[in-house]
Amino acid sequence: MAPNLIGSTFLIAETAITNNDANNNKQTTLAKTSCKSSNDRVPNQGESAAAMQQQLAKTSAQTQSKTDAVTQKPYKMEIVWFNVMLFVILHSMALYGLYLIWAENAYLEFFIGYLYAVLGGLGITAGVHRLWSHRAYKAKLPLRIFLMLCQSLAFQNSIYEWCRDHRVHHKFTDTNADPHNSGRGFFFAHMGWLMCKKHPDVRERGKTIDMSDILADPVVKFQKRLYFLIMPICCFVIPGLFPYYVLGSSLQVCFFVCSMLRYALSLHGTWLVNSAAHFYGMRPYEKNISSVDSKVVSVIAFGEGWHNYHHVFPWDYKAGELGTYQYNWTTAFLDFMARIGQAYDLKSVSNEMILKRVQRTGDGSHPSVQDVNNNNVNISELVSKLDHDNEETLVWGWDDKDICDEDRKGAVHKKEE
Ligand SMILES: [Zn+2]
Ligand SMILES: [Zn+2]
């Protein structure tokens, strides 16, 4: 996931991709391919091992040149000290909030702060992630307005900018065009990327991502225009004033506990999806990408930790196959919304499609695979050897024109309107 809090909320030093990119939204020129990567091929009967070897060598050479095109630009990392300073201030205030819980006996306010974090979390997971970034389902106007307000409460940039960064992350995962490229280390993927200037590839490739659907939604357009009015009201004013008037809490506790501490903790919850869920866990569906399935991250991030699955099938509204509602609150929320008619056309993946993918490219950790391989993978080694040939089949979500026919036809649509 791609919260770009400081990245352009505090725009000063961050020269983000210009908003004009909506007008330049050329779809990526990467060729549409079948779902099957050539590296995953098994020799047909009669196809000699030598021929297969030759094919793999050819693929590897093509892969190398494609990777070079993305990664060989001269680049010197530039730290944005202003953003670093803002993060230091935020975390200092959050720590003071932590102290106040104990000093002022503010446990109730902390609980209320957690409820705000849940609302903000849904704005991110159900809203800007599964609905707007991936088009994994459709939502009626009241739900879209609710999710927009929740997303503003989370203060991770406007829906438009969040979606753009996130689509780039999916489309160019683990290359320099990935805003939080996990190949640059855990800290960079977690929050370091918000403290330095974007790699030129991020801007360049970002312009190729189609964002026309995002701007066609009046709710998104409205938020984009008034973000710096809506966001402070939703993120800081209302969350602070509610306990002040209703519980008679001190303004100090309201600000540091319900606003700053809650905000800092919820940011780290989201960031874990970019960091931990690209490092520590299993790869049951695709062993050639860095993202993993992590139960712990799923609990913290309301169901967004099934990240290996999610990168393979980003257009599934559940963003995961395994785990029940307790590991995926967002899916429980969306199923409820579907029941009351607010969410519809929820797309998911058939069991058959999942099993085929598990057999073809999984690491053997899927429950359906009897012979569970050991998964002692060296992360840095894996990231350095990532199979960028799969870049051709990476998609950001349902409306990506590069999605293969097999996936499109095999998708299950729940509650078609
Ligand atoms: Zn995603
Ligand atoms: Zn990811």
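Residues numbered from 1 in each chain as written. Chains lettered and ligands numbered in written order. Predicted model: local features only at pLDDT ≥ 70, side-chain atom pairs only at ≥ 80, totals over all residues.

K.L.:
Which residues make up the overall build of the protein, and what are the values?
P.N.:
Of regular secondary structure, the protein possesses 18 helices and four strands. For the protein, the proportion of contacts with a sequence separation of at least 24, taken over those separated by at least 6, is 75%. (Helix = DSSP H or I, 4+ residues; strand = E, 2+ residues; numbered from the N terminus. Contact = placed C-beta atoms within 7 Å.)

K.L.:
Any details on the nonpolar core? Residues and values, ideally.
P.N.:
Tyr 137, Ile 159, Cys 163 and Leu 272 are the most contacted members of the largest nonpolar core, which has 84 residues in total. In terms of residue count, helix 12 (residues 251-274) provides more of this core than any other element does, 13 residues in total. When sequence neighbours within four positions are dropped, the list of residues in contact with Tyr 137 reads Arg 130, Leu 131, Tyr 317, Leu 334, Ala 343, Tyr 344, Asp 345, Leu 346 and Lys 347. (Core = buried A, V, L, I, M, F, W, Y, C linked by C-beta atoms within 7 Å. Buried ≥ 20, exposed ≤ 12 C-beta atoms within 10 Å, placed from the backbone.)

K.L.:
I'd love a proper account of the UniProt feature "transmembrane region" (unreviewed entry) in the protein, names of residues and values included.
P.N.:
Mapped onto the present numbering, the UniProt feature "transmembrane region" (unreviewed entry) falls at residues 80-102, 114-132 and 226-247. This span, residues 80-102, is 96% helix and 0% strand, and a straight line between its end C-alpha atoms measures 34 Å. Here residues 226-247 runs as 91% helix and 0% strand, with 30 Å between its end C-alpha atoms. (UniProt positions renumbered as here; feature names shortened; annotations may be inferred.)

K.L.:
Just give me the short version of the confidence of the model for the protein, but keep the residues and values in it.
P.N.:
Across the protein, pLDDT averages 80, with 76% of residues at or above 70. Of the regions scoring below 50 in pLDDT, residues 36-69 engages in 24 contacts with residues more than four places distant in sequence or in other chains. Long-range and interchain partners of residues 386-392, a stretch whose pLDDT sits below 50, account for 25 contacts in this model, where long-range means more than four residues apart. (pLDDT = per-residue confidence, 0-100.)

K.L.:
Could you give me a rundown of the packing of helix 4 (residues 107-133) against helix 15 (residues 329-339), with the residues and numbers involved?
P.N.:
Relative orientation of the contacting elements helix 4 and helix 15 amounts to 70°, with a least axis distance of 10 Å. The orientation of helix 4 relative to helix 15 falls into the category roughly perpendicular. Listed contacts from helix 15 to Leu 122, Thr 125, Ala 126 and Arg 130 of helix 4 are Thr 330, Phe 333 and Leu 334. Across the contact of helix 4 with helix 15, the residue classes tally to four nonpolar, two polar and one charged. (Axes fitted to C-alpha atoms, helices over the stretch in contact; angles between N-to-C directions. Parallel < 35°, antiparallel > 145°, perpendicular 65-115°, else oblique. Nonpolar A, V, L, I, M, F, W, Y, C, P; charged D, E, K, R; others polar.)

K.L.:
Quick rundown of unusual backbone geometry? Include the residues and the values.
P.N.:
Phi is positive for Arg 135, which is not a glycine, with a value near 55°. Along the chain, Arg 135 falls in the loop between helix 4 and strand 1 (138-139). With 21 C-beta atoms counted inside 10 Å, the residue Arg 135 sits in the buried group. In the Ramachandran plot, Phe 155 falls in the positive-phi region, its phi being about 50° despite a non-glycine side chain. Along the chain, Phe 155 turns up in the loop between helix 5 (141-154) and helix 6 (159-171). Given 21 C-beta atoms within a 10 Å radius, Phe 155 is considered buried.

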